[in-house]
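Chains, contacts and geometry: an overview
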Amino acid sequence: MKTGVERPDWDHYFMEITYVVAKRSTCLRRQIGAILVKDKHILTTGYNGAPKGLAHCAEIGCLRQQLGVPSGERHELCRALHAEQNAIIQAANLGISIEGSTLYCTTAPCSLCAKMLINAGVKRVVFDGNYPDERAMEFFHEAGVTVEQMSL
């Protein structure tokens with residue numbers, strides 16, 4: 001019996017979840033969410049924010065914003081971890097292998113995150129918004145990681 005209910009395909013389903021995860025972000029500049037998925041199961045989630053025990057940017061301000069640093073530059077000044085990094089770290093803390101998984105992210109990964117994802121064995125990256133770091137896509141291409149941009 002057909003009910004007339006429309007279900008999103010898996011990619012849209014998981015991408016929509018990344019936007020819910022992003023709502024936990026404490027970044028003043030952009031809220032990013034990421035999830036790692038394997039065999040249609042969510043392994044871990046991550047959003048951009050300060051490490052455990054450190055004050056959030058929402059509480060003390062953003063040094064990069066104060067200095068007028070453009071997006072994608074001077075990562076070392078930022079106190080936050082990227083959403084992708086937090087998803088990888090959560091997997092490590094929980095003892096979950098992410099090899100062969102797919103990363104869904106609200107924004108394209110930076111080159112630092114791309115290198116981590118490649119070494120962790122992530123085989124596919126699906127993202128929505130662009131990020132000003134062309135090296136990441138070069139790294140993914142060279143490593144044979146499938147990259148797809150999709151809009152919601």
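Sequence positions are assigned chain by chain, starting from 1 and proceeding in written order. Given that this is a predicted model, residues contribute local features only at a pLDDT of at least 70 and side-chain atom pairs are listed and counted only at 80 or more, while totals for whole chains, interfaces and linings are drawn from all residues. Only hydrogens and water are removed before side-chain values are computed, so all heavy atoms of the structure are retained for them.

1. Quick word on the nonpolar core
Let me state the cut-off plainly: Among buried residues, those of type Ala, Val, Leu, Ile, Met, Phe, Trp, Tyr and Cys that are joined through side-chain atoms within 4.5 Å constitute a nonpolar core. Three labels apply to residues, based on accessible area from a 1.4 Å probe with only protein chains included: buried if under 20% of the type maximum, exposed if over 50%, partly exposed otherwise in between. In this text, helices come from DSSP runs of H or I with a minimum length of four residues, and strands from runs of E with a minimum of two, each type numbered from the N-terminal end. Any pair of residues with heavy atoms lying within 4.5 Å of one another is described as a contacting pair.
The biggest cluster of nonpolar side chains holds 22 residues, and the ones touching the most others in it are Leu36, Ile98, Leu103, Leu117, Val122, Val125 and Phe140. Broken down by secondary-structure element, the contributors of at least two residues to this core are strand S1 (33-38), helix H4 (83-94), strand S3 (102-107), helix H5 (111-120), strand S4 (124-129) and helix H6 (134-143). With residues near it in sequence (within four places) discarded, Val125 still touches Leu103, Pro109, Phe140, Val145, Thr146, Val147 and Glu148. Within the second largest apolar cluster, 9 residues are counted, among which are Ile17, Val21, Ile35 and Val37.

2. Things to note about unusual backbone geometry
With a phi close to 55 degrees, Asp39 is a non-glycine residue in the positive phi region. Inspection of the secondary structure puts Asp39 in the loop between S1 and strand S2 (41-47). Residue Lys40 is not a glycine yet carries a positive backbone phi of 65 degrees. Assignment of secondary structure puts Lys40 in the loop between S1 and S2.

3. Describing the pairing of S2
Going by this rule: When DSSP locates at least two bridges between a pair of strands, those strands are taken to pair.
Of the strand pairs in this sheet, S1 and S2 are connected by 6 bridges, and their pairing is antiparallel. Looking at S2, one finds that Ala34 is bridged to Gly46. Where S1 folds back on S2, the antiparallel hairpin that results is connected by 2 residues, among which Asp39 adopts a positive phi of roughly 55 degrees.

4. A few points about the side chain of Thr107
Of note, Thr107 is situated in strand S3. Its relative accessible area of 8% is what places Thr107 among the buried residues. Excluding its chain neighbours within four sequence positions, the residues that come into contact with Thr107 are Arg30, Ile32, Glu84, Phe127, Asp128, Gly129, Asn130 and Tyr131.

5. Regarding empty space enclosed by the protein
Stated precisely, the cut-off is as follows: Using protein atoms alone on a 1 Å grid, points that fit a 1.4 Å probe yet trap it form a cavity, whereas open point sets bounded by protein on both sides within 12 Å along at least five of seven lines form a pocket; residues with an atom within 4 Å of a point count as lining. Grid points are joined across faces, edges and corners, and a volume is the space filled by probe spheres set on the points. Each residue gets one label: Ala, Val, Leu, Ile, Met, Phe, Trp, Tyr, Cys and Pro are nonpolar, Asp, Glu, Lys and Arg are charged, and the others, such as Gly, are polar.
Going through the model one piece at a time under the given rule, you end up with 1 cavity of 30 Å³ or more. For the largest cavity, the calculated volume is near 30 Å³. Lining of the largest cavity is provided by Cys27, Arg29, Cys57, Cys62, Arg64 and Cys78. Of the residues belonging to the lining of the largest cavity, the class tally is 4 nonpolar, no polar and 2 charged.

By themselves, these observations are geometric and do not establish any function.
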